[in-house]
Amino acid sequence: MPTPPQTPPTRPLVTSDPASFHHVNHAWDDAIASRLSPVERLVYRSNLLGSDQRITNTGGGNTSSKISERDPISGSPVDVVWVKGSGGDLRTATKANFASLEMPKLTALKHVYAAMPERGLKSAAEDRMVDLYPHCTFNLNPRASSIDTPLHAFVPARHVDHTHPNAVIAIAASRRSRELTVEVFGEEIGWVPWMRPGFELGLRLEEEIRANPNLKGVVMGQHGLINWADGDRECYELTLSLIERAARFIDAQNPGERAFGGARYESLAPEQRDDLLVEMLPWLRGRLSQPNQRIIATTQCDEPMLRFVNSVDAPRLAEVGTSCPDHFLRTKIKPLYVAWNPQRDSIDTLKGALEAGLAAYRADYAAYYNRCRRADSPPMRDPSPTVILIPGVGMIAWGKNKSESRVTAEFYNCAVEVMAGAEAIDEYIALPQQEAFDIEYWRLEEAKLRRMPAERELARHVAVVVGAGSGIGRAAAYRLAGEGAHVACLDLDERAAESTAAEVTRKVGEGIGVAGTGVSNCGPACSGGVDITRRESVRAAIRRAVLAYGGFDHLIITAGIYVPPGADGSVTDEQWKRTFDVNVMGAYLVADESRAIWKRQNLRGTLVLTTSVNGLVPKRGSLAYDASKAAANHLARELAIELAPLVRVNALAPATVVDGSTMFPRQRVIASLIKYGIAFDQEEPDDALRTKLATFYAERTLTGQPVTTEDQASGILFLVSSQSSRTTGQVLCVDGGLHEAFVR
């Protein structure tokens with residue numbers, strides 16, 4: 001390994017010149033900060049730090065400010081530490097994400113801790129201290145305190161930043177970490193060996209400062225950075241300056257093309273890679289999902305990740321695993337690296353390597369659990385990997401939802417950058433396995449998992465909605481997303497599909513993690529255009545959904561067309577063909593292209609075709625449409641046989657849905673009003689005309705209620721959900737009660 005210069009830096013440790021930062025962004029604005037209260041300034045500082053992934057990762061890091069408050073009962077001043085509480089994310093934090101604790105009470109806890117007989121037993125003592133933090137709460141603040149609270153409370157400075165910058169962790173995770181800390185930062189930044197976050201580490205920091213009052217921060221071995229100041233802007237700029245200095249130090253040792261030992265493999269061409277992923281992702285998803293616990297993928301195939309997975313050192317470094325506790329809580333102790341030559345080996349060879357790799361990984365993880373478990377350890381969690389590395393292809397990260405898989409990918413990106421930096425300046429090392437286990441299976445982490453609300457029925461599921469741009473398809477997309485499903489919104493009108501996906505994301509929320517570019521980095525919904533009469537267009541749309549989420553479980557086809565006959569009631573050959581192409585052949589093409597995905601996944605799914613009660617009730621004036629819908633009803637029955645037992649297939653047959661349907665433009669509504677002799681004024685707005693027609697249709701039903709798109713969405717949800725788990729090959733009429741459509 002290269003030997004860095006041994007002379008401690010003589011430059012000023014802190015700079016406030018925004019132009020001097022090249023590896024982080026200086027975004028502090030005094031004009032904004034001056035208008036804020038002390039707690040609001042803490043939130044402002046936190047958001048600035050959290051918005052840059054080079055400073056800290058999603059959900060990681062803490063910030064704090066010690067602020068003089070007034071006791072709500074006595075009115076007496078009390079020193080309160082406001083510190084980011086358990087959970088939450090610095091980038092998106094609000095005041096509600098910060099715990100507030102009275103400093104005199106926190107200080108008194110030192111005596112309690114010193115008297116604990118189990119102080120040497122880290123888990124027991126630390127857990128007991130966390131249970132005491134609520135007794136220190138100021139003003140009944142409900143936010144649970146973080147285990148890092150003592151790291152902030154016992155530092156005498158008024159403002160503290162604890163971050164996880166890749167550049168500093170590269171130093172912290174190097175074999176010569178202590179020496180490198182001095183070489184990079186000089187004597188104003190201290191160093192402590194790895195200690196699990198908690199009360200003991202807080203006391204250790206206090207001892208370090210007492211021994212050296214000039215310290216401005218500490219590098220925590222294999223963990224991260226903590227620094228402090230008596231001014232909040234000063235603290236912020238110190239954080240940035242330390243990260244900038246570490247990053248420049250690493251850059252000076254940059255090995256260039258020799259990074260990670262140089263390249264061993266070449267990357268596949270993008271189209272070839274995507275072909276492989278479309279084949280592999282559903283297959284992998286099926287093998288990694290557990291009963292009732294499906295998972296969602298995020299892929300990363302960019303240059304930095306390919307540089308790593310293609311390298312000579314990737315197998316060795318992958319096996320070493322991650323170092324920072326924030327990393328392996330999501331990425332597990334290590335990823336699965338697959339030994340596969342992209343230029344020589346076939347996809348069948350890759351599948352064989354993955355099968356063997358998964359079996360070996362699970363056995364290795366079980367051995368790790370059994371070797372490190374303690375008497376009170378929680379049960380072993382799923383032993384499958386959450387990160388898979390494939391030479392020539394990139395990384396596949398998995399999680400219970402898109403947000404979690406995206407964060408997992410983000411964290412392993414951080415791990416790769418840490419390894420790159422550590423290997424450039426020294427030698428990368430990981431946490432001892434017992435320490436890693438004690439973090440991964442900490443009782444407090446287990447309690448956090450158990451506190452999470454029960455998942456909704458369609459959580460972990462992916463639904464493809466064809467026709468999602470309007471009407472029933474849009475309502476179905478909203479309803480399925482509301483029940484936890486990820487939704488791929490497809491429509492002939494691509495902009496309309498984008499609008500639906502954007503609204504789903506707005507309603508559901510983007511989730512944690514920072515979305516990157518590309519389809520795989522989408523959120524709870526993605527979108528795309530599709531012409532279901534063209535197989536190549538259907539195939540491309542299905543590929544997009546697979547690349548976004550790793551596969552899909554449910555297919556809902558609401559796309560349809562009504563071509564009005566001529567004035568004399570006749571239907572041209574082209575009108576007839578167009579109607580059947582969309583309403584029958586289009587539905588078949590989508591189902592046929594989806595069949596291979598379901599087969600590779602080997603997970604149970606559903607297919608819902610939206611047909612019409614017109615397929616059951618013949619009437620004058622819609623010959624082609626009615627005949628096509630009758631064919632679509634029978635197509636559902638045939639597909640139920642073809643796709644059994646893996647996929648349940650049913651049809652949803654609505655009565656005429658006027659409101660929100662693209663099949664009822666103004667001229668068709670007017671033509672129908674004239675046809676049924678319903679009085680109207682040509683100047684009436686569209687909504688008023690549609691209401692008149694919808695009311696007329698409602699009066700023909702047994703319930704007397706207009707049939708809406710939301711009613712159809714409820715029917716689709718029923719056919720997708722476990723409530724209809726024994727139902728297939730059926731036509732469900734949601735028509736308000738048209739007795740003419742009763743089964744004869």
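For every chain, the first residue of the written sequence is number 1, and numbering continues from 1 onward in sequence order. Given that the model is predicted, a residue must reach a pLDDT of at least 70 before its local features are reported, and side-chain atom pairs must reach 80 or more before they are shown or counted; all residues, however, enter totals for whole chains, interfaces and linings. Note that water and hydrogens are dropped before the side-chain values are worked out from all heavy atoms of the structure.

Q: Would you explain unusual backbone geometry in this entry?
A: Glycine aside, a negative phi is what most residues show, and trans is what most peptide bonds show. Between Ala644 and Pro645 the backbone carries a cis peptide bond, its omega angle lying at 0 degrees. A run of DSSP states H or I qualifies as a helix once it reaches four residues; a run of E qualifies as a strand once it reaches two. Both are numbered from the N-terminal end. Here Pro645 lies in the loop between helix H22 (623-643) and strand S17 (647-654). Even without being a glycine, Leu140 presents a positive backbone phi close to 60 degrees. Secondary-structure assignment places Leu140 in the loop between helix H4 (122-132) and helix H5 (149-153). Despite not being glycine, Asn602 shows a phi value in the positive range, around 60 degrees. Note on placement: Asn602 falls in the loop between helix H21 (573-601) and strand S16 (605-610). For the exposure calls, accessible area comes from a 1.4 Å probe over protein chains only, and a residue counts as buried if that area is under 20% of its type's maximum, exposed if over 50%, partly exposed in between. By relative accessible area, which is 55% here, Asn602 ends up exposed.

Q: Please explain the sheet that holds S16 as it appears in this structure.
A: By way of backbone hydrogen bonds, the strands of a sheet pair with one another, either parallel or antiparallel. The sheet built from seven strands is open, its strands ordered S14-S13-S12-S15-S16-S17-S18 with parallel pairing. Looking at the sheet topology across the chains shown, the edges are occupied by strand S14 (525-529) and strand S18 (731-734). Taken pair by pair, the neighbouring strands of this sheet meet at an average axis angle of 15 degrees, ignoring direction. Between any two strands, at least two bridges found by DSSP are needed for them to pair. Each axis is a line fitted through C-alpha atoms, and for a helix only the stretch in contact is used; angles between axes span 0 to 180 degrees, taken between their N-to-C directions.

Q: Just checking my understanding: could you explain the sheet that holds strand S7 (residues 224-229) for this structure?
A: The strand order S3-S2-S1-S4-S7-S6-S5 describes an open sheet built from seven strands, whose pairing is mixed. The strands lining the two open edges of the sheet, one partner per strand, are strand S3 (98-102) and strand S5 (189-192). Averaged over all pairs of adjacent strands, the angle between strand axes in this sheet comes to 20 degrees, irrespective of strand direction. Across four bridges, the pairing between S5 and strand S6 (residues 217-220) is parallel. Directly across from Val192, in S6, lies its bridge partner Met220. The contact criterion used is simple: two residues touch if any of their non-hydrogen atoms lie within 4.5 Å. Helix H7 (residues 177-185) contacts S5 and S6 of the sheet and is inclined by roughly 170 degrees relative to S5.

Q: How do you make sense of the pairing of strand S13 (residues 486-491) when you look at a structure like this?
A: Regular strands place side chains that alternate from one sheet face to the opposite one. Within S13, six of the six residues are buried, which leaves it mostly tucked inside the rest of the structure. Where strand S12 (residues 462-466) meets S13, five bridges bridge the pair, whose relative direction is parallel. Note on S13: the bridge partner recorded for Val462 is His486. Looking down the strands as they point away from the viewer, one classifies a crossover as right-handed if the path from the first strand across the helix to the second runs clockwise. One crossover worth recording links S12 to the parallel S13 by way of helix H18 (residues 471-482), and it is right-handed. Relative to S14, S13 runs parallel, the two sharing five bridges. Paired with Leu490 across the strands is Gly528, a residue of S14.

Q: What's the story with the side chain of Thr709 in this structure? I'm lost.
A: Following the sequence through the fold, Thr709 ends up in helix H25 (residues 709-720). Here Thr709 falls in the buried class, since its relative accessible area comes to 10%. Only 3.1 Å separates the side chain of Thr709 from the side chain of Glu710, close enough to count as a polar contact. Side-chain atoms alone can form a polar contact between residues adjacent in sequence; in general such a contact is a pair of N or O atoms within 3.5 Å, and within protein one must be able to donate a hydrogen while the other accepts it.

Q: Looking at this structure, I do not really get the pattern of salt bridges. What am I missing?
A: Side-chain pairs of opposite charge can arise where the charged atoms are in close proximity. One speaks of a salt bridge when a side-chain nitrogen belonging to Lys or Arg is within 4 Å of a carboxyl oxygen belonging to Asp or Glu. Inspection of every chain in the model, using the stated rule, returns 40 salt bridges. Across the salt bridge formed by Arg460 and Glu455, the nearest N and O atoms sit 3.0 Å from each other. What makes Glu455 partly exposed here is its relative accessible area of 41%. One salt-bridge network, held together by shared partners, links Arg535, Arg539, Asp592, Glu593, Arg595 and Glu642.

Q: It is not clear to me how the environment of Ser594 should be interpreted in this structure. Could you clarify?
A: As for its placement among the helices and strands, Ser594 is situated in helix H21. Residue classification places Ser594 among the buried positions, given a relative accessible area of 0%. Residues Ser594 and Phe552, spaced 42 residues apart in sequence, show a C-alpha to C-alpha distance of 8.9 Å. If near-sequence neighbours (up to four positions away) are discounted, Ser594 is found in contact with Ile542, Phe552 and Leu555.

Q: What is the right way to read empty space enclosed by the protein from this model?
A: If a probe the size of a water molecule is rolled over the atoms, the empty space left behind becomes visible. Both site types are read off a 1 Å grid over the protein atoms alone. A 1.4 Å probe that fits but cannot get out defines a cavity, while an open set with protein on both sides within 12 Å along at least five of seven lines defines a pocket; lining residues have an atom within 4 Å of a point. Grid points are joined across faces, edges and corners, and a volume is the space filled by probe spheres set on the points. Per the stated rule, a full pass over the model turns up four cavities of 30 Å³ or more. Taken as a whole, the largest cavity encloses approximately 60 Å³ of empty space. What lines the largest cavity is Ile557, Ala559, Val582, Asn583, Ala587, Leu609, Thr610, Thr611, Lys629 and Ala632. Elements with a contribution of two residues or more to the lining of the largest cavity: H21, S16 and H22. Per element, the largest residue contribution to the lining of the largest cavity is three residues, and it comes from H21. Amino acid classes used here: Ala, Val, Leu, Ile, Met, Phe, Trp, Tyr, Cys and Pro are nonpolar; Asp, Glu, Lys and Arg are charged; the rest, including Gly, are polar. Counted by class, the lining of the largest cavity contains six nonpolar, three polar and one charged residues.

Q: Before we go on, may I ask you to explain the packing of aromatic side chains in this structure?
A: We call Phe, Tyr and Trp rings a pair once their centres come within 6.5 Å, taking the six-membered ring for Trp, and we label the pair stacked below 30 degrees between planes, edge-to-face above 60, and tilted otherwise. Tallied over the entire structure, the rule returns 14 aromatic pairs. With a centroid separation of 5.0 Å and 70 degrees between ring planes, the pair formed by Phe260 and Phe308 is classed as edge-to-face. Linking Phe260 in the loop between helix H9 (232-252) and helix H10 (270-288) with Phe308 in helix H11 (residues 303-309), this pair joins segments that are 48 residues apart in sequence. Side by side, Phe260 and Phe308 carry an identical accessibility label, which is buried. Aromatic rings pair up to connect Tyr365, Tyr368, Tyr369, Phe437 and Tyr441 into one cluster. Criterion for a charge above a ring: Lys NZ or Arg CZ within 6 Å of the ring centre, and within 35 degrees of the ring normal. If you follow Lys507 out to its NZ or CZ, it ends over the ring of Tyr478, 4.9 Å from the centre.

These values are about where atoms sit, not about what they do.
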